[in-house]
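Next come the chains, spelled out residue by residue.
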Amino acid sequence: MSAWAVLVAAGRGERLGDDRPKAFVRLGDLPLLAEPLRRLDDSEWVDAIVVVAPPEWEEPAILCAEEIGASKVSACVTGGATRVESVRVGVAEVPEDAAVVLVHDAARPVLPDEVIPRLLEPLGRGWDGAVPGLPLADTVKRVQRDAVVETLPRDELWAVQTPQAFVAPVLRSALDGAGDATDCASLVEAAGGRVTVVPGDERLLKVTTRADLERVSQWL
Ligand code: CTP
Ligand code: MG
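Teacher, can you tell me more about a nonpolar patch on the surface here?
On the surface, Trp-158, Val-160 and Val-197 cluster together to form a nonpolar patch covering roughly 250 Å² of accessible area. Topologically, Trp-158 is positioned in strand S10 (residues 158-160). Of the residues examined, Trp-158 reaches a relative accessible area of 44% and is grouped as partly exposed.

Would you mind showing me how to read the environment of Ala-130 here?
Mapped onto the secondary structure, Ala-130 falls in strand S7 (residues 129-135). For Ala-130, a relative accessible area of 0% puts it in the buried group. Separated by 39 residues in sequence, Ala-130 and Val-91 place their C-alpha atoms 17 Å apart. Once you skip the residues sitting within four places of it in the chain, Ala-130 turns out to touch Leu-119, Pro-122, Leu-123, Pro-163, Gln-164, Ala-165, Val-195 and Thr-196.

Looking at this structure, how should I read helix H1 (residues 34-42)?
The periodicity of an α-helix, 3.6 residues per turn, causes residues three or four positions apart to be oriented the same way. By the criterion of burial, H1 is predominantly enclosed, with seven of the nine residues buried. Those residues of H1 that sit buried are Ala-34, Glu-35, Pro-36, Leu-37, Arg-39, Leu-40 and Asp-41.

Whenever I open this one, the site of ligand 1 confuses me. Can you help?
What surrounds ligand 1 is a group of 18 residues, the closest being Val-8, Gly-13, Glu-14, Arg-15 and Ser-86. A distance of 3.2 Å separates an oxygen atom of ligand 1 from a polar backbone atom of Arg-12. Thr-82 places a polar main-chain atom, nitrogen or oxygen, 3.3 Å from a nitrogen atom of ligand 1. Considered on its own, ligand 1 offers 560 Å² of accessible surface; in the complex 87% of this is hidden by protein. Structurally, ligand 1 is housed in the largest pocket. Class assignment for the residues of the shell around ligand 1 results in six nonpolar, five polar and seven charged.

The rules behind the values
- Residues numbered from 1 in each chain as written.
- Chains lettered and ligands numbered in written order.
- Predicted model: local features only at pLDDT ≥ 70, side-chain atom pairs only at ≥ 80, totals over all residues.
- Heavy atoms only, no water.
- Patch = residues over 30% accessible without salt bridge, like charges linked within 9 Å, V, L, I, M, F, W, Y side chains within 5 Å.
- Areas by Shrake-Rupley, 256 points an atom, 1.4 Å probe, with all protein chains shown as cover.
- Salt bridge = Lys/Arg side-chain N within 4 Å of Asp/Glu carboxyl O.
- Helix = DSSP H or I, 4+ residues; strand = E, 2+ residues; numbered from the N terminus.
- Buried < 20%, exposed > 50% of the residue type's maximum accessible area, 1.4 Å probe, protein only.
- Contact = heavy atoms within 4.5 Å.
- Near = heavy atom within 4 Å.
- Polar contact = N/O pair within 3.5 Å; in protein donor to acceptor, adjacent residues only side chain to side chain.
- 1 Å grid on protein atoms, 1.4 Å probe; cavity = no way out; pocket = protein on both sides within 12 Å on 5 of 7 lines; lining within 4 Å.
- Sits in = over half its atoms within 2 Å of the grid points.
- Nonpolar A, V, L, I, M, F, W, Y, C, P; charged D, E, K, R; others polar.

And the structure:
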């Protein structure tokens, strides 16, 4: 089963507020992008990688891949205005004969390798997609203006991370003409695909703020 990874790194990182895109802020001694890229490159489960870079940062992305000696990078393409757009341009570089696509946020640099086989296994059992998730600790309420309108059943709620794994043709067709969404699985769900949740990992925290960057740097 050939698995391609699409590493989306084209966001601006506005909430982090650095002078450069989030994928290029320093994490340890290297740009943040180096960490998830090295982990995907080292994974025996990943055959090839497409990197989606911010406009004008394609060259630094390629240099970063060279610096860490990544050998599986097949293409580095320019991302779009939204995450879905960036995923779409990345997936367009995946060859037709690829069986599985793993879409991963560069903003989640600490990718434990053991998460990947957890995601691939259900695809072999007929699921269209698999996502890593963590059960919620807090109670979640739906609020309009400042009034609580609903308290959601916590035992049914999961915080979902990336990488998200999909049967390649299913993801491709879900991306066709899709609107915006915060993750790929929701597009597959909306298209009628069956998506399962597998255990995620705390270390897959998404770097949004400075404090997140601090936390993640302790897990390197
Ligand atoms: N992403 C992307 N293309 C976009 C927007 C986001 O490839 N147009 C990627 C980001 O690089 C990141 C992932 O999607 O790896 C999750 O996005 P997010 O954490 O929101 O990152 P940013 O959009 O960069 O941050 P912000 O929303 O604070 O600007
Ligand atoms: Mg964003």
